[in-house]
Amino acid sequence: LAKTTQPISMDSYEGQEVNITCSHNNIATNDYITWYQQFPSQGPRFIIQGYKTKVTNEVASLFIPADRKSSTLSLPRVSLSDTAVYYCLVGDMYSGGGADGLTFGKGTHLIIQP
Amino acid sequence: GAGVSQSPRYKVAKRGQDVALRCDPISGHVSLFWYQQALGQGPEFLTYFQNEAQLDKSGLPSDRFFAERPEGSVSTLKIQRTQQEDSAVYLCASSLGTGWAGELFFGEGSRLTVL
């Protein structure tokens, strides 16, 4: 079973707020939720990480409901340069590794248009 | 260095050749990960080191794949007798702490093409 489910692709326009939702119905007590961004020909780049409620940094917000079975990455006022693949990861950060805890999945291909 | 450095950036090998891919993690980072990313797919976990100890190699696809980090810093991923299905981008990542707590810093990857 896939650990996370997210849309394959999304389209939006410059200046809009974009919300990408990830489902993780089998999230465990020790699991954290982490989002990465990847541009073509580059390695993934960390965006944000959280455990519950809301986390905000200079580039994004992460909303996690009380049951933690899903999470939403919110990108405010996107620009063309936000066109990338976004990955939602769920796992025990302190597990020391392991394939289950480090599964990227296929990600969401976000396309921003002018 | 300022970031994770991988070399070579591009490697073309004939089927059956051995290749070695190098990863220089951020200085002082305890954890080091190798991933394989096929075209159009997300990165797939290969192996994990905590300092010089290889704590998890469950993602290595076959015994042709071997990774080492002998002094707890630089790591090498070796692929013996390469096959066409080994063609992919190999990504290295490091993190300051144990496991993948906090942020993983990725290199730009080594693109392997097996002819």
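Up top is the structure these notes are about.
Enquirer: Help me get a handle on the layout of surface pockets, residues and values and all.
Expert: Approximately 620 Å³ is the volume attributed to the largest pocket. Together, 30 residues line the largest pocket, and P40 and S41 of chain A together with Q37, L39 and G40 of chain B are the ones closest to its centre. Mapped by element, the contributors of at least two residues to the lining of the largest pocket are β8 (84-92) of chain A together with β9 (88-95) and β11 (110-114) of chain B. No other element matches the four residues that β11 of chain B contributes to the lining of the largest pocket.

Enquirer: Outline the side chain of Q36 of chain B, listing residues and values.
Expert: Residues and elements named next belong to chain B. In this fold, Q36 is placed in strand β4 (residues 31-37). In this structure Q36 comes out as buried when scored by relative accessible area, which is 18%. Side chain to side chain, Q36 and Y90 meet in a polar contact 2.9 Å long. Once residues lying within four places of it in the same chain are set aside, the contact partners of Q36 are G42, P43, E44, L46, F65, D86, A88, V89 and Y90.

Enquirer: Could you give me a rundown of the pattern of salt bridges, with the residues and numbers involved?
Expert: Residue and element names in this part refer to chain B. According to the stated counting rule, one finds five salt bridges over all chains in the structure shown. Across the pair K78 and E68 runs a salt bridge whose closest N-O atoms are separated by 3.4 Å. Of the two residues, K78 is situated in strand β8 (residues 75-79) and E68 in strand β7 (residues 65-68); the sequence distance between them amounts to 10 residues. Of the residues examined, K78 reaches a relative accessible area of 33% and is grouped as partly exposed.

The rules behind the values
- Residues numbered from 1 in each chain as written.
- Chains lettered and ligands numbered in written order.
- Predicted model: local features only at pLDDT ≥ 70, side-chain atom pairs only at ≥ 80, totals over all residues.
- Heavy atoms only, no water.
- 1 Å grid on protein atoms, 1.4 Å probe; cavity = no way out; pocket = protein on both sides within 12 Å on 5 of 7 lines; lining within 4 Å.
- Points joined across faces, edges and corners; volume = space filled by probe spheres on them.
- Helix = DSSP H or I, 4+ residues; strand = E, 2+ residues; numbered from the N terminus.
- Buried < 20%, exposed > 50% of the residue type's maximum accessible area, 1.4 Å probe, protein only.
- Polar contact = N/O pair within 3.5 Å; in protein donor to acceptor, adjacent residues only side chain to side chain.
- Contact = heavy atoms within 4.5 Å.
- Salt bridge = Lys/Arg side-chain N within 4 Å of Asp/Glu carboxyl O.

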